[in-house]
Each structure stands twice: as C-alpha cells, then as structure tokens.
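# Observations on chain architecture
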Amino acid sequence: MGQLANGYGSFSDDGKEYVITRADTPMPWINVLSNGDYGMVLSQTGSGYSWRTHASLNRITRWDQDLIRDDWGKYLYLRDAESGAFWSPTWQPCGTTLDGYRVRHGMGYSVIEAQREALSSSVTYFVPLDASCELWLLRLENHGDTPRHLQVFTYLEWLLGAAPDWHREFHRTFIETHYHAASGTLLATKCLWELPTESASHWNRSWPYVAFLSASLPPVRFSADKRDFLGRNGSLHAPAAVQRGQLGNYAGRWGDPIGSLQLDLTLAPGEACEIVFVLGAADDQEQALALAARFKTPESLRTALQSVRDQWDGILDQLVIETPDPALNLMANGWLQYQAIVGRLLGRTAYYQTGGAYGFRDQLQDSLVWLLMGRPEATLDQIRLHAAHQFQDGIVLHWWHPLAETGMRSDYSDDLLWLPFVVLHYLYETGDWGCLDDSMPFYDAGAASLKDHCLRAFDVALRRRSARGLPLILKGDWNDGLNAVGAFGRGESVWMGHFLHFLLCAWADLPLDDTETQARFRREAERLRAAVNQHAWDGEWYWRASKDGGGLVGSSQSSGGQIFLNAQTWAVLAGTAPPDRAQQAMAAARKRLYSNYGPLLLAPAYAEPDPEIGYLSRYAPGIRENGGVYCHAACWAVLAERTLNGAQAAYDLWRRFCPPLRGQSPDHYLAEPYVMPGNVSGPEAEIPGQGGWTWYTGSAAWYLRALVEGVLGVTAQIDGLMVRADLPDDWERFRIKRAFRGAVYDITVRRAVGDEQPGCRVDGDLRPGDVLPVAPPGTVQTVCIVVSK
C-alpha cells in the first residue's frame, strides 16, 4: 500500500514516488518536469502542456486551463486493427475503458501504467538534462494467447508562441507543417511570434524554433490537420481518424495544425514492444532531426532517464532528515526541494498558474532552497540574475520575461529589499565576503559591486517613509493584494517596518569593514523600532498598515481584517517588539488566527470588496489571502513560534498545514498531498480546509526552511552552524545531515538515557555552546547533542 495511503494513492516505500491508483483524483494531481530550458506539465490523466524557456510566451502545445475537465493534452490512442476497438493508455481522452490504472510521479519523470483485457501498457515521460525536448517511452505487452494487430496514434495541437492563442483563427494561419519522410518526423514552424518587446517589430517577427514530433517505429501515415483527425464536430473521445484507422497524410500551411503519427505493429502472444516518441522545439530543422535521431532507441532513452534520476539523487542526498514523523520525512527528503527547484526555479509554471516570468522577490526567495542543499553557487547565480534587473536608482523590476527581457518597474515597497535579504543568507551560509565586490550590471546600463546594488536598495527603502517614520506601502508590500492601501503614496506598512528593521540590524552586524554604513544602519533601525512601537501598537497586537487617507488596516477598530499574521510574526523575527509585546502579539495571533488548517493570514475575512484595501478584499471570505491560510506567511509563523516558544510550538503549527496529513482526507482537501499548496481555505469559506494553487508557490522553499530552522533549530550563522537543541514532546531523537561551507555535518539530537548529562559532542569531543565549529571543506563532522529527558 505504500506510505500514508488515502484511497487515491500513496507515497512509495522509499518516498521517491507518489503512486496514484485512482485516476479520478479530486483535482488534477500533476508533475512538473523541466531541465531549466524545456519543460512539460503532466497530470494523472495524461493531460498537460509543453514549453521552451517560457511557459506562456513560448508554449509548444495548446492547453486550456480547465482544472475540472482536465482534458487538454498530448495523447496516445491504441486501436485493435481487427476489431476496431480503440482506447488510450492514459485516462484522458478515453481512458474510462481501462481495466487497471496506476500513475507514478517521480522526481524528474512520470510513468502511467494501464491494462485493457490482455494488453498492458506503460508510458514513461521525462525531459532529458541537455536537450530541448521531452521523451515518451510506450511499452506494450500482449498477455493473451493470440496475436494482436495494433495501431498507435499520437495527438497534440501545435501552439508555437504566446499562450493562450485566444484568436486561434488568426494564429493558425501563420503555422506551417511538413513531414520529413526520410526520418518519419513531423515538423512545425510559425512565421509570427507575438513576443512583448519594446521593439517596433512586436508583430513582425518569426518564431525562431522548429517544433518536431518523431517516433522510433517508422510511421505508416501522418496528419497535421485537426479536421482530418477529429472530423467535423468530432471529439477527442472518439476521433474520426482513429475510428476509421487511418490518417489522411495532410500537412502544409492550412488547416488547424496538430501533430499525429500513425504506427502499425503486431504483437505475438507474450511479446512486448517499446516505442520512443520525441517531442521538442529545436533551434532549426537540422537540430530537430538530430534530436529525433539521438533518441531513436529505447536504450538511448533509458540512458537519458538514468542521468535524470542520478542528477536528482545527487541533489537530494545533500539534505537528509530522519524523525519519528513519516509525513515530515517524506516532505523533507525530496518533495519540498523538488517542488521549489522544478516548479518555481526551472519551470516557473504549473496548473493553477501558467507562468514563465521571473518575480524579483519570488525566485530570489525560492533560491534559498539551494543553501540547504549544499549548492550555494546556485543561489549566487540567482542573485546575479536579479541584480541585473535592478535600475541604477535602486528600484527593481517587479517581474520580467525571459526571452523578451521586458518587465514592470516595481511600485511595491518590498521588492528591492529581497536582494539584500537573500545576499545576507548567502553570506551566512558561505562566509563568501568576496562576492560583495563582484561587479554586476544594472538593467538600465552601467554596473556596480553587489554590495553597491544592495546599498542602493536600502537607500530607496529608507527614503520611502512617512512623516512619522514608518515605511510607505505604495502599491503593496509582500502582499500584492493590498494594492490600493497606499496607491497615492501616503499609506504606511508596519510589516515593512519590521522587515526593514531586521535587514538593517543584520547588515550592521556583518564584518563589512564599513563602519560608517554600519553606524547609519543601527541608527535607522532604532528609529524604525521606535516609530513602529510608538505608532503601530493597537493594544494587543500591531496593526498592519495605514491607508492613504489615514485609516488603519489590521486594527481592532477595523470592520474586516482586524488582525494580520505578518505584522505579528515579523515583530518577533525582526526583534522589533519588546519581549512583552512579542508575547502579546503572538498570543493574539494564536487566539484569532490559528485554525486547524494552519494560521490564517488575517481575520475576520472581508465580507465585501473594499476599494481602499485592494483586490485582497475581493476574494470570497476565507479564500486565499482573504482569511485563508496563505502558506508562505504561515511558514514565518512557525519560525516565530520557535523563537518564542520552542520546538513543540513550532512543530505543532508546522503539522497543521502539512500536505500528506491534510491529504488523508483527499475529497475534502482536494490538492496533491505530495507538494505544498499556495493556500488553504479558512473557516469562513464555504468549504474550509480545501487546498489550492499547488506547485507554483513560494511556500515550498519556506516550508522546508521552517522545518530545518523552526522545528529542528539548525541555522546558519556568521561564525558557524548553530543548533538550538530542542525536541518536540513525543520525539526521542532526530537526525539531520546537512552540508555547510563545503563540509558535511551529521547531527543527532536525542534525549538523555539514564543519568546521562546533556551536552554537545563533536567527533566525540565535548564542546560548549550551540555554534558548531566550521569544519574543513570535504570533511564529515559527526555531532551528537544530548538534551534532558
């Protein structure tokens, strides 16, 4: 049965796969596969889409964002040539005729297995590490006692550009297809690409790629015409071409372009056959044909698949966590890392949101996951990328599109500060002070050191303050939904006060050999702390923001949204609150915001849209940011609980929104139980506790950090790795193996046995304090910390 079975599926025994045994999951349960350039999304029904570099501006295949039907994708059909019966080896588009079905979502691949009468099938999907394509391996086996004469059909719709192609009748006229008979490859190009650049040629450029579809078994027929395949008024459930058993050999610059190949084969009793399909977008036709030829055999495909699996094993082996909690272990030893890396950094897309752009604050935070995986150079690469999208005046792009390299200049108060935030954590992790001298370009020409990039961000943030010294919120701070609070430049953000205070204090403590900047930062931090505590204390908690007109958001006097989570948690994390107020603020959060599903972002929910708040108030009550659990912010509550109340409080809160545990009631929770949702519906929603917005959310990297730092208490510091040894009440021990500054720290925290005295031993030697010494690179340091019973 695997681990944590829920009626629809379970984790495999080793935790590396999620195995779905019922295709009718409450919502699509997907996998994201990407090598950073090419990518695909695949649901448990076999539906999904493909892209290169940018999932919205450079979509390869058409897909409709309908999560209820989930019936758009790239499909295979199997037809018995003698009886005329046909079906698909995946649940969509006609998989209801299958006798058995199983989906295995793994890290870097998915496998869909099915049975129909005496014929078994499996389709393995993945994206190779170094090629702009995806590979499918179809395996068929005849378990009967008579030969089977079979026909195989592929089906997909070419999009080739920006998605969705809402004016299909216009866009299809620019797509040209042709069949390369010598290699059996169907090719597609487009002589229009609506890339949103500032160039005058916005609507006057060709799509610079060649899409292709090939099979290892020579096709007997082909079609690039949707009408030929489906028939007029036809459907994917019963296409005309599959019913008649023959494609029309249509290609050219006409029709509604698709990709369909027809293969014929015969399987003797007991015989199996493997067919490789290659779908991709190459730089030119020569490269397309070369890729089709490179993966022509099942052996070449298996070699590429093994490289993908080896890569992920190598990445995930860098952080090993063992606790008494199976759900925690499953998330901590692969699934959170995989989601953050593939869903957010490499692919930047999923099902609830089809993206492709970079968010300045978003992928910077996501890149923190690499620090926990012993690959800080990947975090530094992300830092460099974002620094290059900062203007010389210190302001940054809120988001930008790769390929087009255009974006939106930020009107949000917090965006630019995430650069010094992530640089700070990179420095804690590596001690690489030299990176601050690295020259990095600005978006509007010129270059400066990384340190200068960060200081310019601080300068802008420190100028953007009200008469009483609180930061201005502008079009929003961390919460984009507060987009009307300070739209006219007068509203204030208390959360920004905490956040900026934290950064000023932390940067002032760095060994930068810049006493003038350090003294300035300490002065400004104290002014901020004084302003927040003088003006923003509401009696039991901190209010969240003030509006342009002076009214308060997140106050006991507010009609809706009387208390906001971030204003309380960051008062603790930033050290802005005096000890008594820190306790009061978190007590108020526990009383008013904590639910069985996790801590709510605010309460009570806004019952009606408030034009002075912004679109946050326009969600239905209890949905997403309007009174729901916003998992990104909930992770900060875990860290705040650890700071004030120890491991048990942090662990209790962490478990409340743990996907495998919430997924034990799958028809209520709906979302995949193996990845983080962006949000969970709050108690004021019509159906509380439903998860949504999975995969493409910044909560994955933060949930892992909340576990490592909040529950386990292991934190990188300037002078070494700090372990705040504490155990949840019902744990006897935990173990974490973590890379740090080129060495490996194998840390066990356990309760004392008998009359054993508490203490920390490093390689067998007793050591005082809670900061472990920096070990030489390439070594393994064994740490055992004994705590009282």
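Below or above, wherever it landed, is the structure these notes cover.

About the cut-offs
- Residues numbered from 1 in each chain as written.
- Predicted model: local features only at pLDDT ≥ 70, side-chain atom pairs only at ≥ 80, totals over all residues.
- Heavy atoms only, no water.
- Helix = DSSP H or I, 4+ residues; strand = E, 2+ residues; numbered from the N terminus.
- Buried < 20%, exposed > 50% of the residue type's maximum accessible area, 1.4 Å probe, protein only.
- Contact = heavy atoms within 4.5 Å.
- Areas by Shrake-Rupley, 256 points an atom, 1.4 Å probe, with all protein chains shown as cover.
- Lys, Arg positive; Asp, Glu negative; His and termini not counted.
- Charge placed at Lys NZ, Arg CZ, Asp CG, Glu CD.
- 1 Å grid on protein atoms, 1.4 Å probe; cavity = no way out; pocket = protein on both sides within 12 Å on 5 of 7 lines; lining within 4 Å.
- Points joined across faces, edges and corners; volume = space filled by probe spheres on them.
- Nonpolar A, V, L, I, M, F, W, Y, C, P; charged D, E, K, R; others polar.
- Pairing = 2+ DSSP bridges.
- Axes fitted to C-alpha atoms, helices over the stretch in contact; angles between N-to-C directions.
- Parallel < 35°, antiparallel > 145°, perpendicular 65-115°, else oblique.
- Left-handed = near helix turned anticlockwise from the far one by under 90°.

### Observations regarding the overall build of the protein
For the protein, the count of helices and strands is 20 helices and 44 strands. The principal-axis extents of the C-alpha atoms in the protein amount to approximately 80 × 70 × 50 Å. Looking at the protein as a whole, 63% of its 789 residues qualify as buried. Within the protein, residue pairs in contact and separated by at least 24 positions form 66% of the contacts whose partners lie at least 6 positions apart. On the protein, roughly 27100 Å² of surface is accessible, and the fraction owed to carbon and sulfur atoms is 49%. Each charge class in the protein was averaged separately, 70 positive and 90 negative side chains, and the resulting centres sit 2 Å apart.

### Section: empty space enclosed by the protein
Counting across every chain of the model gives two cavities of 30 Å³ or more. Empty space within the largest cavity amounts to approximately 40 Å³. Arg-62, Trp-72, Gly-73, Tyr-75, Tyr-155, Leu-156, Glu-157 and Leu-236 are the residues that line the largest cavity. In terms of residue class, the lining of the largest cavity is made up of five nonpolar, one polar and two charged. If you add up the space inside the second largest cavity, you get close to 30 Å³. Contributing to the lining of the second largest cavity are Leu-371, His-425, Tyr-428, Glu-429, Arg-705, Glu-709 and Ala-716. At the level of elements, helix H10 (418-430) and helix H20 (699-711) are the ones that each hand at least two residues to the lining of the second largest cavity.

### Re the sheet that holds strand E24 (residues 406-409)
Note: strands within a sheet are paired through backbone hydrogen bonds, in either parallel or antiparallel orientation. Taken in spatial order, the three strands line up as E22-E23-E24 in an open sheet, and their pairing is antiparallel. The strands lining the two open edges of the sheet, one partner per strand, are strand E22 (358-359) and E24. As paired elements, strand E23 (residues 397-401) and E24 share four bridges and run antiparallel to each other. Looking across to E24, one finds that Trp-400 is bridged to Gly-407.

### Concerning the environment of Gly-710
Here Gly-710 is to be found in helix H20. Counting along the chain gives 408 residues from Gly-710 to Arg-302, while the straight-line C-alpha distance between them is 40 Å. Non-local contacts of Gly-710, meaning those with residues more than four positions away in its chain, are made with Leu-639, Arg-642, Ala-650 and Arg-705.

### Details of the packing of helix H15 (residues 579-592) against helix H16 (residues 631-645)
Direction vectors running N to C along H15 and H16 enclose 130°, while the axes themselves pass 11 Å from each other. Relative to H16, H15 is oriented oblique. Viewed along their axes, H15 and H16 form a crossing whose handedness is left-handed. Only Ala-637, Ala-640, Glu-641, Leu-644 and Asn-645 of H16 make contact with H15, whose side of the interface consists of Ala-582, Gln-583, Met-586 and Arg-590.

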